[in-house]
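# Results of the structural survey
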Amino acid sequence: MTPRRIYLSSPTMHGEEEAFVQQAFETNWVAPLGPNVDAFERELAERVGGGFAAALVSGTSAIHLALKLCGVSRGDTVLCSTLTFSASANPITYEGATPVFVDSEWDTWNMDPRALERALERHPRAKAVILVNLYGTPAQLHAIRQLCDARDIPLIEDAAESLGALSQGQQTGTFGDFGVFSFNGNKIITSSGGGMLVSRREKAIAKARFWATQSREPARHYEHREIGYNYRMSNVVAGIGRGQLIHLDEHVARKRRFISATATNSPIWIASA
Ligand SMILES: Cc1ncc(COP(=O)(O)O)c(C=O)c1O
């Protein structure tokens, strides 16, 4: 018998995506900047309740830049959810830091606040915490935020899988000092590939955009004083993202219907109901 598969989210296009891409072609904005990139950043930030956003090539690059913004460097320790996709933890090693994995709770399969408390006692100098809302189900975000605040440790919320999910009325991705979304092909909305870094800190987001553009100084010639990255989202990809964002609520509603039809008693459904 063929095993039954439950896909995360397969791409579902609606038409507006093509219109925004067409516009990019017609105006020759086929570049890693342009009106779709600016608008996608604005629209996404508005959708999650304000703040600022940097459109990047992937969720992974957004986590990497969030870690840099938290000052993570060689020899540091970063606490991270253990049940997650490897991309949550990989960027910790890009900076030469060490991930320490924190165990999950039964209810949501996300980071257990009690386990985090113990981990913080053992690693009081941890440079950051990366928390994941796995499969779109919010973690105990308020409790985890409080634990980080008590020790003045920045929280990076890996909301790659949870765009559109709420915790006590607040959008996931906005609980951390930095929030990360992914638009790869298995996410609730997709731009084929891409990510977004969000924060209430305008200057931090401006710095992320700078690093993501090879740290190019604002001069007429090529001038670079810091190591940079080629992490900016293209204007074509941002067009797909903009078209998808219009339909986010429909996608979330459909996912809820699928979950309730296939796994009424699963911890995921109980947690997100
Ligand atoms: C929890 C989680 N974190 C990070 C990522 C990385 O996102 P991306 O594939 O856009 O780099 C993903 C998705 O792949 C993910 O599911």
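Everything discussed here concerns the structure shown above.
For the structure given in this document, a descriptive report is provided here.

Basis of the calculations
- Residues numbered from 1 in each chain as written.
- Predicted model: local features only at pLDDT ≥ 70, side-chain atom pairs only at ≥ 80, totals over all residues.
- Pairing = 2+ DSSP bridges.
- Helix = DSSP H or I, 4+ residues; strand = E, 2+ residues; numbered from the N terminus.
- Axes fitted to C-alpha atoms, helices over the stretch in contact; angles between N-to-C directions.
- Core = buried A, V, L, I, M, F, W, Y, C linked by C-beta atoms within 7 Å.
- Buried ≥ 20, exposed ≤ 12 C-beta atoms within 10 Å, placed from the backbone.
- Parallel < 35°, antiparallel > 145°, perpendicular 65-115°, else oblique.
- Left-handed = near helix turned anticlockwise from the far one by under 90°.
- Contact = placed C-beta atoms within 7 Å.
- Expected span 1.5 Å × (residues − 1).

## Section: the sheet that holds strand S9 (residues 195-199)
- Strand order in the open sheet formed by 7 strands is S1-S9-S8-S5-S4-S2-S3, and the pairing between neighbours is mixed. Of all strands in the sheet, those bounded by a partner on one side alone are strand S1 (52-56) and strand S3 (98-102). Between one strand axis and the next, the sheet turns through 20° on average, direction left out of account.
- When S1 meets S9, the two strands line up antiparallel, connected through 5 bridges.

## Describing the nonpolar core
- Counting 73 residues, the largest nonpolar core has Ala66, Val129, Ile156 and Leu197 as the members making the most contacts within it.
- In terms of residue count, the dominant contributor to this core is helix H3 (residues 59-69) (6 residues).

## Notes on the packing of helix H1 (residues 16-26) against helix H8 (residues 235-245)
- The N-to-C vectors of H1 and H8 enclose an angle of 150°; their axes lie 7 Å apart at closest approach. Classified by the angle between their axes, H1 and H8 sit roughly antiparallel to one another. You can see that H1 and H8 cross each other, and the crossing is right-handed. Of H8, the residues touching H1 (which contributes Glu16, Glu17, Ala19, Phe20, Val21, Gln23 and Ala24) are Asn235, Val236, Gly239, Ile240, Arg242, Gly243 and Gln244.

## Thoughts on helix H2 (residues 35-47)
- For H2, which comprises 13 residues, the first-to-last C-alpha distance of 18 Å matches the rise-based estimate of 18 Å (1.5 Å per residue) to within 8%.
- Against the buried residues of H2 lie H1, S1, S9 and H8.
- Positive phi shows up at Gly49, right after H2, with a value of about 105°.

## A look at the packing of helix H5 (residues 113-122) against helix H6 (residues 141-151)
- At a minimum axis distance of 9 Å, the contact between H5 and H6 shows a crossing angle of 15°. In terms of axis orientation, H5 runs roughly parallel to H6. Here H5 runs over H6; the crossing is right-handed. Facing H5, whose interface residues are Pro113, Leu116, Glu117 and Leu120, H6 presents Ala143, Ile144, Leu147 and Arg151.

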